[in-house]
Amino acid sequence: METIPQFHLPDTIAVLERTPAAFNALLSGLRDIWTHRNEGGETWSASDVIGHLIHGERTDWIARARIILENGETQTFERFDRLGHILESRGKSLDQLLDEFARLRRENLAALRALNLQSEDLARRGRHPALGVVTLTELLATWAAHDLTHLHQLSRLMAHQYRAAVGPWSVYLGVMQCAGHSSP
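Residues numbered from 1 in each chain as written. Predicted model: local features only at pLDDT ≥ 70, side-chain atom pairs only at ≥ 80, totals over all residues. Heavy atoms only, no water.

1. Some details on the overall build of the protein chain
Looking only at helices and strands, the protein chain features nine helices and two strands. Start at the N end of the protein chain and walk to the C end: the helices and strands fall as α-α-α-α-α-α-α-β-β-α-α. For 184 residues, the compact-globule estimate of 2.2 N^0.38 gives 16 Å, and the C-alpha radius of gyration of the protein chain, at 18 Å, lies within 12% of that figure. For the protein chain, the C-alpha atoms occupy an extent of roughly 55 × 45 × 30 Å along the three principal directions. Looking at the protein chain residue by residue over its 184 residues, the buried ones come to 41%. Counting contacts in the protein chain only where the partners sit at least 6 residues apart, residues at least 24 apart contribute 74% of the total. Surface accessibility of the protein chain: about 10600 Å² in total, with carbon and sulfur atoms responsible for 54%. Of the charged side chains in the protein chain, 19 are positive and 22 negative; the average position of the first set lies 3 Å away from that of the second. (Helix = DSSP H or I, 4+ residues; strand = E, 2+ residues; numbered from the N terminus. Rg over C-alpha atoms; globule rule 2.2 N^0.38 Å. Buried < 20%, exposed > 50% of the residue type's maximum accessible area, 1.4 Å probe, protein only. Contact = heavy atoms within 4.5 Å. Areas by Shrake-Rupley, 256 points an atom, 1.4 Å probe, with all protein chains shown as cover. Lys, Arg positive; Asp, Glu negative; His and termini not counted. Charge placed at Lys NZ, Arg CZ, Asp CG, Glu CD.)

2. A look at helix 4 (residues 61–71)
Counting along an α-helix, one turn takes 3.6 residues, and residues three or four places apart therefore face a common direction. Among all positions in helix 4, only W61, I62, R64, A65, I67, I68 and L69 are buried. On the buried face of helix 4, the contacting elements are helix 3 (46–59), helix 6 (94–114), helix 7 (119–122), strand 1 (125–128), strand 2 (132–135) and helix 8 (136–160). Just downstream of helix 4, G72 is the residue with a positive phi angle, here 60°.

3. Quick word on the packing of helix 3 against helix 8
At their nearest, the axes of helix 3 and helix 8 sit 10 Å apart, and the two run at 170° to each other. The angle between helix 3 and helix 8 places the two elements in the roughly antiparallel class. Residues A46, V49, H52, L53 and E57 of helix 3 pack against W143, H146, D147, H150, Q153, L154 and L157 of helix 8. Of the residues in the contact of helix 3 with helix 8, the class split is six nonpolar, four polar and two charged. (Axes fitted to C-alpha atoms, helices over the stretch in contact; angles between N-to-C directions. Parallel < 35°, antiparallel > 145°, perpendicular 65-115°, else oblique. Nonpolar A, V, L, I, M, F, W, Y, C, P; charged D, E, K, R; others polar.)

4. Comments concerning the packing of helix 1 (residues 9–27) against helix 6
The interhelical angle for the contact between helix 1 and helix 6, taken along N-to-C directions, is 170°, at an axis separation of 10 Å. With respect to helix 6, the element helix 1 is oriented roughly antiparallel. In contact with L9, I13, L16, E17, T19, P20, F23, N24 and L27 of helix 1, helix 6 contributes L94, L98, F101, A102, R105, L109, L112 and R113. When grouped by side-chain class, the residues that make up the contact of helix 1 with helix 6 number 12 nonpolar, two polar and three charged.

5. Re the environment of D11
Residue position: D11 is located in helix 1. You can call D11 partly exposed: its relative accessible area is 40%. With 130 residues separating them in the primary sequence, D11 and A141 have C-alpha atoms 9.8 Å apart.

6. Details of the nonpolar core
Nonpolar side chains in soluble globular proteins tend to be buried together. Ranked by internal contacts, the top residues of the largest apolar core, which has 22 residues, are L9, L112, L117, L136, L140 and W143. At six residues, the largest contribution of residues to this core is made by helix 4. Among all residues touching L136, those that are not within four sequence positions of it are A65, I68, L69, L117, D121, L122 and R124. Listed in part, the 18 residues of the second largest apolar core include F23, W34, L154 and M158. (Core = buried A, V, L, I, M, F, W, Y, C linked by side-chain atoms within 4.5 Å.)

7. Quick notes on unusual backbone geometry
For N116, which is not glycine, the phi torsion reads 45° and is therefore positive. Tracing the chain through its elements places N116 in the loop between helix 6 and helix 7. Here N116 falls in the exposed class, since its relative accessible area comes to 53%.

8. With respect to helix 1
The terminal C-alpha atoms of helix 1, which comprises 19 residues, lie 28 Å apart, in line with the 27 Å expected from a rise of 1.5 Å per residue. The largest bend in helix 1 comes to about 30°, at T19, with the proline P20 one to four residues further on. Residues of helix 1 that are buried include every one of L9, T12, I13, L16, T19, P20, F23 and L27, and no others. Packing partners of the buried residues in helix 1 comprise helix 2 (32–35), helix 3, helix 6 and helix 8. Immediately downstream of helix 1, the backbone of G29 shows phi near 85°, a positive value. (Expected span 1.5 Å × (residues − 1). Bend = angle between axes of the 7 residues up to and from the residue.)

In C-alpha cells form, the structure reads like this:
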C-alpha cells in the first residue's frame, strides 16, 4: 500500500480544483427545496454554503498566504467573518453563486501557482487571531479540508430533506445520524 504524505501541494491543488465542479454537479438545476432549505434554526442552506465559500475565496486563503509570505508572524490575520457571505449573496441565484465560486477559485489557484512555493516557503509561519502561530502548509491543507467539510455538510443537508421520506431506513443511513462537525 502506497504511503500518502501528510502534505503535498500538487495533491492539495488537485482537491481544490475539483471542489467547484463537485458542488456544481450536486446543486445546479435543482429545485429550491434542495438548495434553499436548511436543517432548522441557524443552520445553512446549500446557497449559504456556496456564499460562504465565495467569501473565503475573497478574504481568506490567498490573502492569508500572502500575509505569511510577506510579514510572517509580525502581522496577525484579520478575523474571518463566517457570516460575511450573507450580504454578498443577497439577490443572487444559486447558479450565479456557483459560477462566481468557480471563477474565484480558478483565479486563486492561478495566484497560488504564481507564488511558485518551495519547501522553505511552506514552512513559513504566520499568526492566526485565535490559533496563534500557524504555517503556510497548515493554511493550505486547511483550505482543502475546509472544502471537504462543506461537501460533507452539503450531503448531510441534502439527505436531511428526505429525513421523513426514508422512513425506517434512516437507521441504516449514517448521513441521517450525523449532527454536523463544523465549529461555530
